[in-house]
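Coordinates in review
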Amino acid sequence: LDCTIAVEAVVSTQSTGDINEISMNLVPFPRANYLVPGVAPLQSPKMPQQRHLDAIFSDVFSPTHQLCRVDLRKGVFLSAGLLVRGEVAMSDVRRNIDRLSESTRFIYWNKDGWKTGLCWVASCGLRHSVLSLSNSTAIRYTFEGLRERFSRLYNRRAHLHHYLNVDGMEAEQVEAAYESLNNQIALYSEMESAEPLDIVKPCVI
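Residues numbered from 1 in each chain as written. Predicted model: local features only at pLDDT ≥ 70, side-chain atom pairs only at ≥ 80, totals over all residues. Heavy atoms only, no water.

A word on a negative patch on the surface
Taken together, the side chains of E170, E172, E175 and E179 define an acidic patch exposed on the protein surface. Looking at the secondary structure, you find E175 in helix α7 (residues 171–192). Classification of E175 by relative accessible area gives partly exposed; the value is 38%. (Patch = residues over 30% accessible without salt bridge, like charges linked within 9 Å, V, L, I, M, F, W, Y side chains within 5 Å. Areas by Shrake-Rupley, 256 points an atom, 1.4 Å probe, with all protein chains shown as cover. Salt bridge = Lys/Arg side-chain N within 4 Å of Asp/Glu carboxyl O. Lys, Arg positive; Asp, Glu negative; His and termini not counted. Charge placed at Lys NZ, Arg CZ, Asp CG, Glu CD. Helix = DSSP H or I, 4+ residues; strand = E, 2+ residues; numbered from the N terminus. Buried < 20%, exposed > 50% of the residue type's maximum accessible area, 1.4 Å probe, protein only.)

Here it is, written out as structure tokens:
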């Protein structure tokens, strides 16, 4: 992940992407800033690459290729970034985006929320690879699981002394963190259920 982003930034003469534009294009609101990274192919550089380019584009959004436990099929995309490395034509990138758009649910006010970067320097041992950065409401399900596990421990005040006695935190800070998590879940839930507003056309008399 770090390698791919760093190469996009350093090898600027052989890249069509600007690392400075990632946060601008993928984060529509200050608090909706959790990007889910995915990588394809997931294999050792010593193994021969056998996956077709189109399959790699599909793999990078599958649950098995996410670098955190998020199933992107459950949520709505606010935006999506694709950083492609290797000798890949921009027409192939565009064709795969068009293909993926048919099965990818974007929020109604950002239907074309794709950001792409193409670097012709391939990853070590691979002909081509793709890194995805997805801003999706699906991450709320991960947060909900985190909240459930936290609540089970916090209701019994289990392990709380480690933070209050050792790290010098106050109990109010723990409560504030819990409330912040609840607000984050509520934000993504609201965006996931958002629908276009009905526009009433004025009557012409």
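Digging into the sheet that holds strand β1 (residues 36–40)
Sheet architecture is open: 4 strands sit in the order β1-β4-β2-β3, paired in mixed fashion. The sheet is open, and its two borders are formed by β1 and β3 (114–119), each paired with just one other strand. For this sheet, the mean inter-axis angle between neighbouring strands, taken without regard to orientation, is 15°. In this sheet, strand β4 (residues 128–136) lies alongside β1 in antiparallel orientation, the contact comprising 5 bridges. (Pairing = 2+ DSSP bridges. Axes fitted to C-alpha atoms, helices over the stretch in contact; angles between N-to-C directions.)

Some remarks on helix α5 (residues 139–154)
For α5, spanning 16 residues, the distance from its first C-alpha to its last is 22 Å, which sits close to the expected 22 Å at 1.5 Å a residue. In this structure, the buried side of α5 is in contact with β1, β4, α6 (160–166) and α7. (Expected span 1.5 Å × (residues − 1). Contact = heavy atoms within 4.5 Å.)

What about the packing of aromatic side chains?
Tallied over the entire structure, the rule returns 9 aromatic pairs. For the ring pair Y34 and F143, a centre distance of 5.1 Å and an interplane angle of 80° mean the geometry is edge-to-face. Of this pair, Y34 sits in the loop between α2 (21–26) and β1 while F143 sits in helix α5, placing them 109 residues apart in sequence. Ring centres of F143 and Y188 lie 6.4 Å apart, and the angle between their planes is 45°; this geometry places the pair in the tilted category. With F143 in helix α5 and Y188 in helix α7, the pair connects residues that are 45 residues apart, well separated along the chain. Judged by relative accessible area, Y188 falls into the buried class, the value being 0%. Through successive ring pairs, a cluster of aromatic residues spans F61, F77, F106 and W114. (Phe/Tyr/Trp six-rings, centres within 6.5 Å; stacked < 30°, edge-to-face > 60°.)

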